[in-house]
Amino acid sequence: MIDLTIADGIAEVVLNAPQKMNALDADALRELSRVYENAAHAVSTGEVRALLLRGEGRGFCAGRDISGVVPADDDVQGYLGGLVEPLMRQMADFPAPTFAAVQGACLGVGLGLAIATDVVYVAENAKIGSPFANLGATLDSGGHWLFTERLGAHRTLDMVYTAELISGAEAVRSGLFSRAMPADELLETTRGIVGKVARGATQAFVASKQLVAEVRDQRLGLWESMANENRAQDALCATDDYAEGFKAFQEKRTPEFKG
């Protein structure tokens, strides 16, 4: 159900259960965690310098697979707290830049996977939101944080109460995700960008990833953030890619980063 291919410095992770819109049960979450662990190991060996997450078929991920769930016996805390949250932390901490290409449905746990990814590109007609009002449940997988952080409290509760889904185009206009594009261009465009990043200065990208996380998670002020930037830059100046970047600029040529 979860496929991993590694080529040209890119780990491509594919949710491959299109018959159920890539909905994820507990076993699928465990499998996805193992795939990310394998991809992270490939980063440590220099084989991987960027990761792309995508879903096969009409949708990215419709959320939790509840087809066999008996509500009276459902271990929600075990699923969300024991599986989803640790997986999202693992994804967010991935030691290289990560991208997601999102088409169709991006709901529930699927939305959580997007939240845990560095950069999210969406199809203009993707469907994003909180359908939980129709299930007697509440938005989970970090959705309250994402929507409140980027849309504000009123719009968040409007979406929660009405179960309204927004398009990928509106999600980008609202600041939820990075770029929207026609669905038939999404994968090719995203692969092209990920390939360019995989040829870039990986250590510098990872430093920026950590700096952004500190600002976001700790609500750092300007001066604290600048102090962290200064420390990161000081560490990077000892890397081969830093030297190569300066040398290439001085020699008016394209740098050849090794990551």
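Residues numbered from 1 in each chain as written. Predicted model: local features only at pLDDT ≥ 70, side-chain atom pairs only at ≥ 80, totals over all residues. Heavy atoms only, no water.

Reading across the sheet, the six strands line up as β1-β2-β3-β4-β6-β9 and stay open at both edges, with mixed pairing between neighbours. A single partner strand is all that each edge strand has here, and the edge strands are β1 (2-7) and β9 (179-181). Here the strands of the sheet are splayed against their neighbours by 20° on average, with no regard to which way each runs. As paired strands, strand β3 (residues 50-55) and strand β4 (residues 98-102) are joined by four bridges and run parallel to one another. (Pairing = 2+ DSSP bridges. Helix = DSSP H or I, 4+ residues; strand = E, 2+ residues; numbered from the N terminus. Axes fitted to C-alpha atoms, helices over the stretch in contact; angles between N-to-C directions.)

As a further point, take the packing of helix α1 (residues 26-44) against helix α2 (residues 76-92). Between α1 and α2, the least distance of the axes is 10 Å, while the angle of their chain directions is 20°. Taken together, the axes of α1 and α2 are roughly parallel relative to one another. As for the relative orientation of α1 and α2, their crossing is left-handed in sense. In contact with Ala-26, Leu-29, Arg-30, Leu-32, Ser-33, Tyr-36 and Glu-37 of α1, α2 contributes Tyr-79, Leu-83, Val-84, Leu-87, Gln-90 and Met-91. (Parallel < 35°, antiparallel > 145°, perpendicular 65-115°, else oblique. Left-handed = near helix turned anticlockwise from the far one by under 90°. Contact = heavy atoms within 4.5 Å.)

Further remarks concern a nonpolar patch on the surface. A cluster of nonpolar side chains, contributed by Leu-222, Trp-223 and Met-226, occupies part of the molecular surface with about 370 Å² of accessible area. Here Leu-222 lies in helix α9 (residues 222-236). Judged by its relative accessible area of 52%, Leu-222 is exposed. (Patch = residues over 30% accessible without salt bridge, like charges linked within 9 Å, V, L, I, M, F, W, Y side chains within 5 Å. Areas by Shrake-Rupley, 256 points an atom, 1.4 Å probe, with all protein chains shown as cover. Salt bridge = Lys/Arg side-chain N within 4 Å of Asp/Glu carboxyl O. Buried < 20%, exposed > 50% of the residue type's maximum accessible area, 1.4 Å probe, protein only.)

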